[in-house]
Amino acid sequence: MHVHPVLVTGVGGTVGGVGRTVLDRLREQGVPVRALVHHDDERASALRAMAGVEVVVGDLTRGADVVEALAGCRRAYFGMGVSPAYLEASTTVAAAVREGDGLDLLVSMSQMTVSQMDLTSSGESRHQRLHWLAEHVLDWSGAPAVHVRPTVFMENPLFAQVAVASILRDGTIRLPFGSARTSPVAAGDVAEAVARLLLDPTEPSRRVYELTGAYSRDMNAVAAEFSAALGRAVTYVDVPYEEWLEHDLKKLGLPPHVFDHIATMARLHAENRYDRATDDLAELLGRPPAGFDSFIRNTPALQP
């Protein structure tokens, strides 16, 4: 199967770099990779310099670009950042696969919230709704799609920006989660799982994989993990939601669509919507999921 390149999208993503890690893992196994990039910049130039990587510049919402990127591929990874155009891109990919010449596997990045949604649910963010619709569009198209649904990434701004900022400022994790429990997952683990699916010559055993951290715990327990890894006291401070929006989240200067998504994730945390734990990641990787100690090791701002 490795005669054909594997298409990887989202290689320029910023939250955890899942697409780029997938690309690296495929290259390590000698698999030719075609990287679809949105901008022909220095990152694209760096990819072109890599052996075994073909770079295609294009837009996931443009049919001609997607058709060109998929040509000759038998397997592909579809991932895209938080964007109002997410459903348009997903639909374009679905149509291109349907009209293509025989894709065997499309691993699509989704999110855990989809597992708890239906047509009439309304408490989720607009982006979560786009993910729910995108899964349906891909399935209706007949694409050989496998949906990977991670819970919240450790690298999500909730932890990687807001929590890290307050830890550095005064040794606290300021989030409006109350006593709810959560099971953050490392983006690197999710990327490894995607790569395993793409590398396995057999057909996946299921069409949905729900990827969580090793266990679900409240934020006091998360603060204790930070304390142990950093060797200094870190405490959780439960902040009223509206106060947190005004004094913590707005400081990040996020685009409106992204702000709505992250704000909703915080609210859903307080509603205990992220209290999930599955064995899917351990099944795919053959090891337990990484904990916050690995996140801390890979966060330069937290290093001594």
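Residues numbered from 1 in each chain as written. Predicted model: local features only at pLDDT ≥ 70, side-chain atom pairs only at ≥ 80, totals over all residues. Heavy atoms only, no water.

> Help me get a handle on the pairing of strand S3 (residues 53–57), residues and values and all.
Pairing between strand S2 (residues 33–37) and S3: 5 bridges, direction parallel. For Ala 35, the partnering residue across the bridge sits in S3 and is Val 55. Traced from S2 through helix H2 (residues 42–48) to S3, the parallel crossover comes out right-handed. (Pairing = 2+ DSSP bridges. Helix = DSSP H or I, 4+ residues; strand = E, 2+ residues; numbered from the N terminus. Right-handed = clockwise from strand over helix to strand, strands pointing away.)

> Run through the sheet that holds S3, naming residues and quoting values.
Taken together, the 7 strands give an open sheet; going across it, the order is S3-S2-S1-S4-S5-S6-S9, and neighbouring strands pair in parallel fashion. Of all the strands in the sheet, the pair left with one neighbour each is S3 and strand S9 (208–211). Within the sheet, the average angular offset between the axes of one strand and its neighbour, ignoring direction, is 20°. Direction of pairing for strand S1 (residues 6–8) relative to strand S4 (residues 75–78): parallel, over a ladder of 3 bridges. Residue pairing for S4: Val 6 is matched across the bridge by Arg 75. (Axes fitted to C-alpha atoms, helices over the stretch in contact; angles between N-to-C directions.)

> Describe the packing of aromatic side chains, and please don't skip the residues or the numbers.
Summed over the entire model, instances satisfying the criterion amount to 6 aromatic pairs. One aromatic cluster is present, built from ring pairs that chain together Phe 159, Phe 177, Phe 226, Phe 292 and Phe 295. Over the face of the ring belonging to Trp 132 we find Arg 129, whose NZ or CZ atom lies 5.2 Å from the ring centre. A cation sits over an aromatic face here: Arg 217 above Tyr 215, 4.6 Å from the ring centre. (Phe/Tyr/Trp six-rings, centres within 6.5 Å; stacked < 30°, edge-to-face > 60°. Lys NZ or Arg CZ within 6 Å of the ring centre and 35° of its normal.)

> Account for the pattern of salt bridges, naming residues and giving values.
In the structure shown here, the tally under the stated rule is 22 salt bridges. One salt bridge connects Asp 280 with Arg 206, and the closest N-O pair in it is separated by 2.8 Å. Placement of Asp 280 in helix H11 (residues 280–285) and of Arg 206 in the loop between helix H7 (187–199) and S9 is noted, with a sequence separation of 74 residues between them. Since its relative accessible area comes to 11%, Asp 280 is described here as buried. Residue classification places Arg 206 among the partly exposed positions, given a relative accessible area of 28%. In this structure, the salt-bridge partner of Glu 246 is Lys 250, at a minimum N-O distance of 2.9 Å. (Salt bridge = Lys/Arg side-chain N within 4 Å of Asp/Glu carboxyl O. Buried < 20%, exposed > 50% of the residue type's maximum accessible area, 1.4 Å probe, protein only.)

> Describe in detail H7, supporting the description with residues and values.
Look at H7: 18 Å from first C-alpha to last across 13 residues, which is about the 18 Å you get at 1.5 Å a residue. Most of H7 is tucked away, with 10 of its 13 residues classed as buried. For H7, the complete set of buried residues consists of Ala 187, Asp 189, Val 190, Ala 191, Glu 192, Ala 193, Val 194, Ala 195, Leu 197 and Leu 198. (Expected span 1.5 Å × (residues − 1).)

> So what's going on with the environment of Ser 294? Which residues, and what values?
With respect to the element layout, Ser 294 can be found in helix H12 (residues 292–297). Put simply, Ser 294 and Ala 229 are 65 residues apart on the chain and 9.0 Å apart in space, counted from C-alpha to C-alpha.

> Tell me about the nonpolar core, and name the residues and values.
Counting 36 residues, the largest nonpolar core has Leu 47 and Leu 198 as its most contacted members. Residue contributions to this core peak at 7 residues, all from H7. Within the second largest apolar cluster, 34 residues are counted, among which are Val 152, Ala 163, Phe 177 and Phe 295. (Core = buried A, V, L, I, M, F, W, Y, C linked by side-chain atoms within 4.5 Å.)

> An account of unusual backbone geometry is needed here, citing residue identities and associated values.
Trans is the common state for peptide bonds, and a negative phi is the common state for residues other than glycine. Positive phi, normally seen in glycine, also occurs at Asn 272, with a value near 70°. Residue Asn 272 is classed as partly exposed on the basis of its relative accessible area, which comes to 32%.

> How would you sum up the side chain of Arg 129? Please name residues and give values.
For Arg 129, the position within the fold is in helix H5 (residues 126–141). Classification of Arg 129 as buried rests on a relative accessible area of 18%. Of the polar contacts made by the side chain of Arg 129, one reaches the backbone oxygen of Asp 118; its length is 3.2 Å. Residues contacting Arg 129, with those up to four places away along its chain left out, are Met 117, Asp 118, Leu 119, Ser 121, Ser 122 and Glu 124. (Polar contact = N/O pair within 3.5 Å; in protein donor to acceptor, adjacent residues only side chain to side chain. Contact = heavy atoms within 4.5 Å.)

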